[in-house]
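Descriptive analysis of the structure
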Amino acid sequence: MRNGRRGTTYPRRSLHGQVAHEIGLRIVRGELAPGDILPNESDLSAELDVSRTALREAFKVLAAKGLVEARPRTGTRIRPRQAWNLLDPDILAWQFAVSPMERFFRDLFQVREIIEPAAAAIAAEKQRPEDVAEIRRAYRAMVEAAPDDQPEDDWTDADLRFHQAILSATGNELLGTLGSLSEAALAISFKLTTSRPSGRLDSLPRHKVVLDAIERGDPAAAREAMRGLLGESIDDLQNVLGDKPAKPPARRRHERKRTLA
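Residue positions are given per chain, counting from 1 as you read along its sequence in written order. Confidence filtering applies because this is a predicted model: local features only for residues at pLDDT of at least 70, side-chain atom pairs given and counted only at 80 or more, and all residues used for totals across whole chains, interfaces and linings. Hydrogen atoms and water are omitted, and side-chain values are computed over all heavy atoms in the structure.

As a further point, take the packing of aromatic side chains. Ring geometry is summarised as follows: Phe, Tyr and Trp rings, the Trp one being its six-membered ring, pair when their centres sit within 6.5 Å, and such pairs are stacked at plane angles under 30 degrees, edge-to-face over 60 and tilted between the two. Inspection of the entire model under this criterion finds one aromatic pair. Between Phe104 and Phe105, the aromatic rings sit 5.6 Å apart at their centres with planes inclined by 75°, giving edge-to-face as the arrangement. Buried, partly exposed and exposed residues are distinguished by accessible area as a fraction of the type maximum, computed with a 1.4 Å probe on protein chains only: under 20%, between the cut-offs, and over 50%, respectively. On the basis of relative accessible area, Phe105 is assigned to the buried category, the value being 1%.

Axis lines are fitted to C-alpha atoms, over the contacting stretch for helices. Their N-to-C directions set the angle, which ranges from 0 to 180 degrees. Only DSSP runs of H or I with at least four residues qualify as helices, and only runs of E with at least two residues qualify as strands; both kinds are numbered from the N terminus onward. It is at 8 Å that the axes of helix α6 (residues 129-145) and helix α7 (residues 152-168) come closest, and there the two elements cross at 160°. On the basis of the axis angle, α6 is roughly antiparallel to α7. Where α6 crosses over α7, the handedness of that crossing is left-handed. On α7, the residues that touch Glu134, Ile135, Arg137, Ala138, Tyr139, Ala141, Met142 and Ala145 of α6 are Asp154, Trp155, Ala158, Asp159, Arg161, Phe162, Ala165 and Ile166. Here roughly perpendicular refers to angles of 65 to 115 degrees, roughly parallel to angles under 35, roughly antiparallel to angles over 145, and oblique to all remaining angles. Should the near helix be turned counterclockwise from the far one by less than a right angle, the crossing is left-handed, whereas a clockwise turn marks it as right-handed. Should any heavy atoms of two residues lie within 4.5 Å, those residues are counted as being in contact.

What follows concerns helix α3 (residues 52-64). A helix's residues, less one, multiplied by 1.5 Å, set its expected span. Between the first and last C-alpha of α3 there are 18 Å, a value that for 13 residues agrees with the 18 Å anticipated at 1.5 Å per step. Within α3, burial applies to Ala54, Leu55, Ala58, Phe59, Val61 and Leu62. Looking straight down α3, one finds its buried side chains confined to an arc of 160°; they lie on one side. Pointing more than 90 degrees away from the buried face of α3 are the exposed residues Thr53, Lys60 and Ala64. The inward-facing, buried residues of α3 contact α1 (15-29), α2 (41-48), β1 (68-71), β2 (75-78) and α4 (89-98). Directions drawn from the helix axis to the C-beta atoms are what define this arc.

Right, let's talk about the side chain of Arg206 for a bit. By secondary structure assignment, the location of Arg206 is in helix α10 (residues 199-216). Under this definition, polar contacts are N or O atom pairs within 3.5 Å; protein pairs additionally need one hydrogen-donor-capable and one acceptor-capable atom, and for neighbouring residues in sequence, both atoms have to be side-chain atoms. A distance of 2.9 Å separates polar atoms of two side chains, one belonging to Arg206 and the other to Asp236.

Topologically, Gln95 is positioned in helix α4. Of note is the side chain of Gln95, whose polar atom sits 2.6 Å from the side chain of Arg81. Excluding anything up to four places from it in sequence, Gln95 contacts Val28, Arg81, Leu86 and Met101.

This part is about the pattern of salt bridges. In the sections that follow, a salt bridge refers to a side-chain nitrogen of Lys or Arg positioned within 4 Å of a carboxyl oxygen of Asp or Glu. By the definition in use, this model includes 19 salt bridges. Of the charged contacts, one joins Arg29 and Glu31 as a salt bridge, the two residues approaching to 3.2 Å between their closest N and O atoms. Note on Glu31: relative accessible area 49%, which makes it partly exposed. Among the ionic pairs, Arg136 bridges to Glu215, the shortest N-O distance being 2.6 Å. Within this pair, whereas Arg136 is found in helix α6, its partner Glu215 is found in helix α10, the two being separated by 79 residues in sequence. Taking the relative accessible area as the measure of exposure, Arg136 reaches 26% and is therefore partly exposed. The structure contains a network of salt bridges with shared partners spanning Glu22, Arg26 and Glu47.

Take the pairing of β1 next. Here, a strand pair is defined by DSSP locating no fewer than two bridges between the strands. Of the strand pairs in this sheet, β1 and β2 are connected by four bridges, and their pairing is antiparallel. By the bridge assignment for β2, Ala70 is matched with Thr76. Hairpin connection from β1 to β2: three residues lie between these consecutive antiparallel strands, with Arg73 at a positive phi of about 70°.

As structure tokens, this is what we get:
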């Protein structure tokens with residue numbers, strides 16, 4: 001198993017890992033629909049040219065991700081989409097390979113708009129020196145990784161650290177866990193929103209406004225700054241995906257401009 005933070009959750013090079021990858025893609029593409037029963041082991045192992053042992057191990061991987069379930073006397077069935085672990089790194093990768101996932105990212109940003117502005121406000125209210133220092137270190141790492149000639153993963157890691165440090169600064173363990181659970185999804189969205197030339201450099205001032213408000217201990221300003229940051233990111237994402245920018249919820253454009261000034 002790879003140990004990278006956003007690595008796959010099964011050994012892709014193993015035979016059962018390859019089988020899990022193939023079946024997982026079929027499920028995400030819709031070739032195997034919720035409620036469908038997979039072919040019996042004999043037929044499927046013959047089709048994929050693998051042993052039944054490898055197939056069973058692949059089923060275990062897919063079951064752990066919520067994609068399939070085994071039922072006595074009926075076989076292995078595809079589970080409804082709402083049962084899938086949509087934040088699983090492999091499911092994210094399979095979905096992204098199939099389509100740009102506009103709906104998923106809209107849902108992700110809606111969750112972020114509910115949680116992160118409040119988290120920034122709490123971080124500013126508590127203003128614990130060690131937490132502020134970690135947010136500042138993450139921002140400085142973003143500055144170093146911002147030029148287009150720097151590795152993309154360095155930027156993504158720094159951006160993740162910034163947002164996760166703010167969640168951690170609330171002192172709420174559940175919020176900190178949420179940041180870890182959504183890590184793979186956030187990483188993909190960060191890469192998309194800063195994929196255009198100078199996208200990283202353009203993103204820095206938005207993050208600096210959030211950092212400054214937290215450092216000042218100004219909860220209201222921190223909340224609005226995070227709203228502005230997320231709003232601009234939503235617009236960037238929609239432009240990358242080819243959508244017409246939509247008016248971000250819970251704020252007005254003139255408010256966002258004032259926040260980022």
